[in-house]
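# Analysis of the macromolecular model
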Amino acid sequence: MRVLFPLDGSERGFASMEAALDLLKGTTVQATLLVVLHDFKGAPEEMVQEFEEDTEDEIFPTEDSAVVVLKQATKRLRRKGLEMTLKMSKGNIVKEIIAESANHNLLVIHSTRPTSPFRLRSSRTKKVVRGSACNVLLMQNC
């Protein structure tokens, strides 16, 4: 099963990834770890620097910040002995995740805020769930 894990660098995101893999035990998983670089084209340098220095933020302005997240996730998944592909793309976060979902059987995302299963609070999460080209596993309580 080809499973897509878009990463935002948050501990909740990493915990959701690991919890989803626990649910998929017994299934052969080919994991794709995806980090989407936000397109800061034309943004003032101080804005880019502010995002780069904020380690708690979920928006990545540079490849260096994205590589750190991919390394952290790889370290966690290596223990599980999974086949992994690391991907980095740049542009609109929602559009990039939806486009990559077309190459997968399952998309695992986490909701940043616990909510009713019928009302997604984050417009970004809502757009990804609605637009995904594959099944979606929404992790909320990790």
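The coordinates are above.
Our subject in this report is the structure included herewith. (Residues numbered from 1 in each chain as written. Predicted model: local features only at pLDDT ≥ 70, side-chain atom pairs only at ≥ 80, totals over all residues. Heavy atoms only, no water.)

What follows is about the nonpolar core. As a rule of thumb, nonpolar side chains are buried together in soluble globular proteins. Core analysis: the largest hydrophobic core is formed by 21 residues, its most contacted members being V3, F5, L7, M17, L33 and V108. Taken together, the elements giving at least two residues each to this core come down to β1 (2-6), α1 (11-23), β2 (30-37), α3 (63-78) and β4 (106-110). Considering every element that reaches this core, the biggest residue donor is α3, with 5 residues. V3 has contacts with L24, V29, Q30, A31, T32, H104, L106 and V108, leaving out every residue within four places of it along the chain. Core analysis: the second largest hydrophobic core is formed by 10 residues, L4, L107, I109 and C134 among them. (Core = buried A, V, L, I, M, F, W, Y, C linked by side-chain atoms within 4.5 Å. Buried < 20%, exposed > 50% of the residue type's maximum accessible area, 1.4 Å probe, protein only. Helix = DSSP H or I, 4+ residues; strand = E, 2+ residues; numbered from the N terminus. Contact = heavy atoms within 4.5 Å.)

Here we come to helix α4 (residues 93-101). All of the buried residues in α4 are I93, V94, I97, E100 and S101. Viewed along the axis of α4, the buried residues span an arc of 140°, placing them on a single side of the element. Check the buried side of α4 and you find it contacts β1, β2, β3 (83-90), β4 and α5 (123-131). Residue N92 occupies the N-cap position of α4, its side-chain oxygen lying 3.0 Å from the main-chain nitrogen of V94. (Arc of directions from axis to C-beta. Polar contact = N/O pair within 3.5 Å; in protein donor to acceptor, adjacent residues only side chain to side chain.)

Now for the packing of α4 against α5. Where α4 contacts α5, the axes come no closer than 9 Å and their chain directions differ by 25°. Relative to α5, the element α4 is oriented roughly parallel. In this structure, α4 crosses over α5, and the sense of that crossing is right-handed. Residue-level contacts link I93, V94, I97 and I98 of α4 to R124, K127, V128 and G131 of α5. When grouped by side-chain class, the residues that make up the contact of α4 with α5 number 5 nonpolar, 1 polar and 2 charged. (Axes fitted to C-alpha atoms, helices over the stretch in contact; angles between N-to-C directions. Parallel < 35°, antiparallel > 145°, perpendicular 65-115°, else oblique. Left-handed = near helix turned anticlockwise from the far one by under 90°. Nonpolar A, V, L, I, M, F, W, Y, C, P; charged D, E, K, R; others polar.)

Time to look at the pattern of salt bridges. Close approach of charged atoms allows side chains with opposite charge to pair. Applying the stated criterion across every chain, the model contains 5 salt bridges. Between R79 and E18 there is a salt bridge; the shortest N-O distance is 3.4 Å. With a gap of 61 residues between them, R79 in the loop between α3 and β3 and E18 in helix α1 connect regions that are remote in the sequence. On the basis of relative accessible area, R79 is assigned to the exposed category, the value being 62%. (Salt bridge = Lys/Arg side-chain N within 4 Å of Asp/Glu carboxyl O.)

This brings us to the packing of α1 against α3. It is the contact of α1 with α3, at a shortest axis distance of 11 Å, that shows an interaxial angle of 30°. The angle between the axes of α1 and α3 places the two elements in the roughly parallel class. Relative to α3, the crossing made by α1 is right-handed. Taken together, the residues of α3 that come into contact with α1 (itself represented by E11, F14, A15, M17, E18 and L21) are V69, Q72, A73, R76 and L77. Broken down by class, the residue content of the contact of α1 with α3 amounts to 7 nonpolar, 1 polar and 3 charged.

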